[in-house]
Amino acid sequence: MMIFAAGRNRQVYITKKRMKNIVMRMNEDGSLRISCPFRTTQAEIASFILQKQDWIEKTEKSVTKKQEKTACGTDRKTCMWLGREYQVRIEQAGKSWLSFEGDTAVFHLKTISDEEITRVFYRAAGKQLAAFLNELREEWDRKTCDVNYLRHPVIKLKYMTSRWGSCTPLKNSISISLRLIHFPPVCLEYVLLHEYAHLLVPNHSKAFYDIVRKYMPEWKTYSDMLK
């Protein structure tokens, strides 16, 4: 389904399920995802979307701002690495890898394409974040797991677009987004603490935030940086 809303045509992806209300989300390309009750008509969906044009416009600005914060070099101009903006230089090479020279990120590419730039960038990000995590986790293993007689969690790095981290207490597993490479290291520290706290409190209740605040009183500052 296509609709003209908040100044441009937008693709609308519709999922019908057992629910009472219509819920709308925006994808990074500005398209919309609608979840709605089974009997909802396209006319009702269109009416709902048009009533939410202010929300669409505000959310799109937020998405654009987030994209600027998470540039990975595919525009051939800049990329963000650990909270710092680097100019991008691309060089043809026998194998693909990423290096940094002063204020420049040099993409040595076997094949020059957006897909290869993204792959090389996040492969390097994985190595950098893994090194940070190996250092950071010792503190949280001790403070949250050891004192509560919990097993140390398995921590995985993966590319996630809708969240910065996740925790599955029943599986004793934590996932961290590779996209944290775009932000200052303290943001990784905050997300890691956030997920460790979920091993103790699986929801976002006061008890959960009491744990986060105890170990990182300024957590809100770092949370806001990720928005």
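Residue numbering note: each chain is counted from 1, following its sequence as written. Selection of residues for local features in this predicted model requires a pLDDT of at least 70, selection of side-chain atom pairs for listing and counting requires 80 or more, and totals for whole chains, interfaces and linings are taken over all residues. In computing side-chain properties, one takes all heavy atoms of the structure into account and sets aside hydrogens as well as water.

Visitor: Looking at this structure, how should I read unusual backbone geometry?
Guide: When glycine is set aside, most residues are seen to have a negative phi, and most peptide bonds are trans. Phi at Ala 6 is positive, roughly 50°, even though this residue is not glycine. Inspection of the secondary structure puts Ala 6 in the loop between strand S1 (2–5) and strand S2 (8–17). Only protein chains enter the accessibility calculation, which uses a 1.4 Å probe. A residue is then buried if its area is under 20% of the maximum for its type, exposed if over 50%, and partly exposed in between. By relative accessible area, Ala 6 is classed as partly exposed at 21%. We note that Leu 82 has phi near 55°; this positive angle belongs to a residue other than glycine. Counting from the N terminus, the helices are the DSSP runs of H or I reaching at least four residues and the strands are the DSSP runs of E reaching at least two. Tracing the chain through its elements places Leu 82 in the loop between strand S5 (78–81) and strand S6 (84–92).

Visitor: Any chance you could explain the sheet that holds strand S7 (residues 97–101) here in plain terms?
Guide: Sheet strands associate in pairs through backbone hydrogen bonding, adopting either a parallel or an antiparallel arrangement. When DSSP finds two or more bridges between a pair of strands, those strands are recorded as paired. Judged by pairing direction, the sheet is mixed, and its 4 strands sit side by side in the order S5-S6-S8-S7 without closing on themselves. The sheet terminates laterally at S5 and S7, the two strands that pair on one side only. When the angles between neighbouring strand axes are averaged without regard to direction, this sheet yields 35°. When S6 meets strand S8 (residues 104–109), the two strands line up parallel, connected through 6 bridges. Each residue of the ladder has a partner; that of Gln 92, found in S8, is Leu 109. Between N-to-C directions, angles span 0 to 180 degrees; the directions come from axes that are lines fitted to C-alpha atoms, helices contributing only their stretch in contact.

Visitor: Hey, could you run me through a positive patch on the surface in this one?
Guide: Where like charges cluster on the molecular surface, the positive patch consists of Lys 156, Lys 158, Arg 163 and Lys 171. Relative to the elements of secondary structure, Arg 163 occurs in the loop between strand S9 (154–158) and strand S10 (165–168). For patch building, the residue pool is restricted to those with more than 30% relative accessible area and no salt bridge; the joining distance is 9 Å between like charges and 5 Å between nonpolar side chains (Val, Leu, Ile, Met, Phe, Trp, Tyr). A 1.4 Å probe and the Shrake-Rupley method give the accessible areas. Residues count as covered only by the protein chains that appear here. Whenever a carboxyl oxygen of Asp or Glu lies within 4 Å of a side-chain nitrogen of Lys or Arg, that contact is scored as a salt bridge. Under the counting rule used here, the positive set is Lys and Arg, the negative set is Asp and Glu, and His together with the chain ends is not counted. To locate a charge, take NZ of a lysine, CZ of an arginine, CG of an aspartate or CD of a glutamate.

Visitor: Please explain the sheet that holds strand S11 (residues 173–177) as it appears in this structure.
Guide: Within the open sheet, the 3 strands sit side by side as S9-S11-S10. Their pairing is mixed. On the outer flanks of this sheet lie S9 and S10, each paired with one strand and no other. With strand direction ignored, the average angle separating the axes of adjacent strands in the sheet is 15°. As paired strands, S10 and S11 are joined by 4 bridges and run antiparallel to one another. Within S11, the residue paired with Cys 167 across the bridge is Ile 174. By definition in these notes, contact holds between two residues if any of their heavy atoms fall within 4.5 Å. Packing against the sheet, helix H4 (residues 185–200) makes contact with S9, S10 and S11, and its axis sits at approximately 160° to S11.

Visitor: Quick question: what am I supposed to make of the pairing of S7 here?
Guide: In this structure, S7 lies alongside S8, joined through 5 bridges in antiparallel fashion. Bridge pairing in S8 links Glu 101 to Thr 104. Connecting S7 to the next strand, S8, in antiparallel fashion are 2 residues, including Gly 102 with a positive phi near 65°.

On their own, these measurements won't tell you what the molecule is for.
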